[in-house]
Amino acid sequence: MKKDEKIYVAGHLGMVGSAIVRGLRQYEQSNIVTSPRSELDLTCQADVMRFFKNERPTQVYLAAAKVGGIYANNTYPAEFIYQNLMVQLNVIEAAFRTGVKKLLFLGSSCIYPRMASQPMLESALLGGPLEPTNEPYAIAKIAGIKLCESYNRQYGKSHEIDYRSVMPTNLYGPGDNYHPENSHVVPALIRRFHEAKANKEPRVTVWGTGQARREFLFVDDMAEACIHVMNLAPEVYKNNVLPMQSHINVGFGSDITIRQLAETIANTVGYAGQVEFDSSKPDGAPRKLLNTMLLNKLGWKAKYNLEKGLEITYKDFLSSCNSSCDPMLF
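Overview of the structure. Quick caveat: nothing in here was measured; it's all calculated off a predicted structure.

About the thresholds
Residues numbered from 1 in each chain as written. Predicted model: local features only at pLDDT ≥ 70, side-chain atom pairs only at ≥ 80, totals over all residues. Heavy atoms only, no water. Helix = DSSP H or I, 4+ residues; strand = E, 2+ residues; numbered from the N terminus. Rg over C-alpha atoms; globule rule 2.2 N^0.38 Å. Buried < 20%, exposed > 50% of the residue type's maximum accessible area, 1.4 Å probe, protein only. Contact = heavy atoms within 4.5 Å. Areas by Shrake-Rupley, 256 points an atom, 1.4 Å probe, with all protein chains shown as cover. Lys, Arg positive; Asp, Glu negative; His and termini not counted. Charge placed at Lys NZ, Arg CZ, Asp CG, Glu CD. Phe/Tyr/Trp six-rings, centres within 6.5 Å; stacked < 30°, edge-to-face > 60°. Lys NZ or Arg CZ within 6 Å of the ring centre and 35° of its normal. Pairing = 2+ DSSP bridges. Right-handed = clockwise from strand over helix to strand, strands pointing away. Axes fitted to C-alpha atoms, helices over the stretch in contact; angles between N-to-C directions. Core = buried A, V, L, I, M, F, W, Y, C linked by side-chain atoms within 4.5 Å.

Some details on the overall build of the protein chain
And then number 1: Of the regular secondary structure elements, the protein chain holds 11 helices and 13 strands.
And then number 2: Against the compact-globule benchmark of 20 Å for 330 residues, the protein chain has a radius of gyration of 20 Å, which places it among compact chains.
And then number 3: With the C-alpha coordinates of the protein chain rotated into their principal frame, the extents come out at 65 × 40 × 35 Å.
And then number 4: Taking all 330 residues of the protein chain together, the buried fraction comes to 52%.
And then number 5: Counted over contacts in the protein chain with a minimum sequence separation of 6, partners at least 24 positions apart contribute 82%.
And then number 6: Total accessible area on the protein chain is roughly 15,200 Å²; 51% of this is exposed by carbon and sulfur atoms.
And then number 7: The protein chain carries 36 positive and 33 negative side-chain charges, and their two centres are separated by 4 Å.

In structure tokens, the structure reads:
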């Protein structure tokens, strides 16, 4: 990695973006460009183009996205597809127009069909219907992959651009969103079990049957994978992907049931009550496990197990009380 790169991290205040910034600094990258949402609206094409023309980054990590769990995706489908499409279109186009040669787009494992064979290979993309609860978000992420591939196919040789995509599994870690309704399963359960412990509640009810299986990856592992993929030699990357199947899975390598996850989080938080499941609520896809053989072959593997990652994440939760949290619980 060149030390003089000017690197723009879009979404640097989010869980993934902040982890990428931490990771880049570990590699002694000091010329990192960021801009908070209050100063740069990534859904506004003119503002994004102006930002790129002024800053002129040489690399871009596109980690900005509107994200959420089953409840949020079901409740705000129009926002999820519109905002994510606009961010991706604006950032990738502005990067190209201002001469950015290297860009990494971050997608999601929800791009794969609901009933895809497990573990899911990169080749499973577009092989069947998506999970209905997060289809709008998945469609946007698929579009992001295809944007990168299309720019490479049309401008790769003439403009020497190299836009890559990684597809992470379910992420958790410091900087996550702990909102009680709009968060993903790990931060939502951390908050729920913490509040139950503080209020001495005898039981906690979790959505779904508890039998759905999910894979979880600590966000600092994901950041390291992003930096690794971004800096693979061009010939190595091209020899291991296809022009129209160029994304790379990033996962932990094994999965657990939501019941096992809930029990592990309860143990991490120190909640001793009963854990129940509401089968009237949706499970989402029955299983989502990524096949990470390609990335492992390219020299990367996860370092943090779930117990260690949850311990770090719970400490982050305790230290990050904000206006959405009840101060009396801390």
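Picking up where we left off.
With respect to the packing of aromatic side chains
And then number 1: A full pass over the atoms with the stated rule returns 14 aromatic pairs.
And then number 2: Aromatic side chains Tyr 71 and Trp 207 sit 6.4 Å apart centroid to centroid with 75° between the ring planes, which places their arrangement in the edge-to-face category. Residue Tyr 71 is located in helix 3 (residues 70–75), and its partner Trp 207 is located in strand 7 (residues 203–207); the two are separated by 136 residues in the primary sequence.
And then number 3: Here Lys 66 stacks its cationic end above the ring of Tyr 76, 6.0 Å away from the centre of that ring.
And then number 4: Just above the ring of Tyr 237 sits the side chain of Arg 164; from NZ or CZ to the centre is 4.2 Å.

A closer look at the pairing of strand 5 (residues 162–168)
And then number 1: Within strand 5, seven of the seven residues are buried, which leaves the element mostly enclosed by the surrounding structure.
And then number 2: With burial as the criterion, each face of strand 5 is covered, one bearing Asp 162, Arg 164, Val 166 and Pro 168 and the other bearing Tyr 163, Ser 165 and Met 167.
And then number 3: Two elements, strand 4 (residues 102–106) and strand 5, share five bridges in a ladder whose sense is parallel. In the sheet register, Lys 102 faces strand 5, and the bridge partner there is Asp 162.
And then number 4: Read as a crossover between parallel neighbours, the route from strand 4 over helix 5 (residues 135–159) to strand 5 is right-handed.
And then number 5: Bridge count for strand 5 against strand 10 (residues 248–250) is three bridges, and the pairing is parallel. Paired with Pro 168 across the strands is Val 250, a residue of strand 10.

Here's the deal with the environment of Ile 92
And then number 1: Looking at the secondary structure, you find Ile 92 in helix 4 (residues 77–97).
And then number 2: Residue classification places Ile 92 among the buried positions, given a relative accessible area of 0%.
And then number 3: With 19 residues separating them in the primary sequence, Ile 92 and Asn 73 have C-alpha atoms 24 Å apart.
And then number 4: Those residues in contact with Ile 92 that sit more than four places away from it in its chain are Leu 62, Leu 103, Gly 144, Leu 147, Cys 148, Tyr 151 and Tyr 163.

Quick word on the sheet that holds strand 13 (residues 287–288)
And then number 1: Read across the sheet, three strands follow the order 11-8-13 without closing on themselves; strand pairing throughout is mixed. Pairing within the sheet leaves two strands with one partner each, and these edge strands are strand 11 (256–257) and strand 13.
And then number 2: Two elements, strand 8 (residues 213–214) and strand 13, share two bridges in a ladder whose sense is parallel. Paired with Arg 214 across the two strands is Lys 288, which belongs to strand 13.

Examining the sheet that holds strand 10
Paired through their backbone hydrogen bonds, the strands of a sheet run either parallel or antiparallel.
And then number 1: With parallel pairing, six strands are arranged side by side in an open sheet as 2-1-3-4-5-10. A strand with exactly one partner marks an edge of an open sheet, and here the two such strands are strand 2 (32–33) and strand 10.
And then number 2: Along the sheet face, helix 5 touches strand 4 and strand 5 and points at about 155° away from the line of strand 5.

Here's the deal with the nonpolar core
And then number 1: Counting residues in each nonpolar core, the largest one holds 43 residues, and the members touching the most others are Tyr 8, Leu 42, Phe 52 and Tyr 163.
And then number 2: Secondary structure elements with two or more residues in this core: strand 1 (7–10), helix 2 (45–55), strand 3 (59–62), helix 4, strand 4, helix 5 and strand 5.
And then number 3: At eight residues, the largest contribution of residues to this core is made by helix 5.
And then number 4: With residues near it in sequence (within four places) discarded, Phe 52 still touches Tyr 8, Pro 57, Val 60, Val 91, Ala 94, Ala 95, Thr 98 and Val 100.
And then number 5: With 34 residues, the next largest nonpolar core counts Met 15, Leu 217, Val 219 and Met 230 among its residues.

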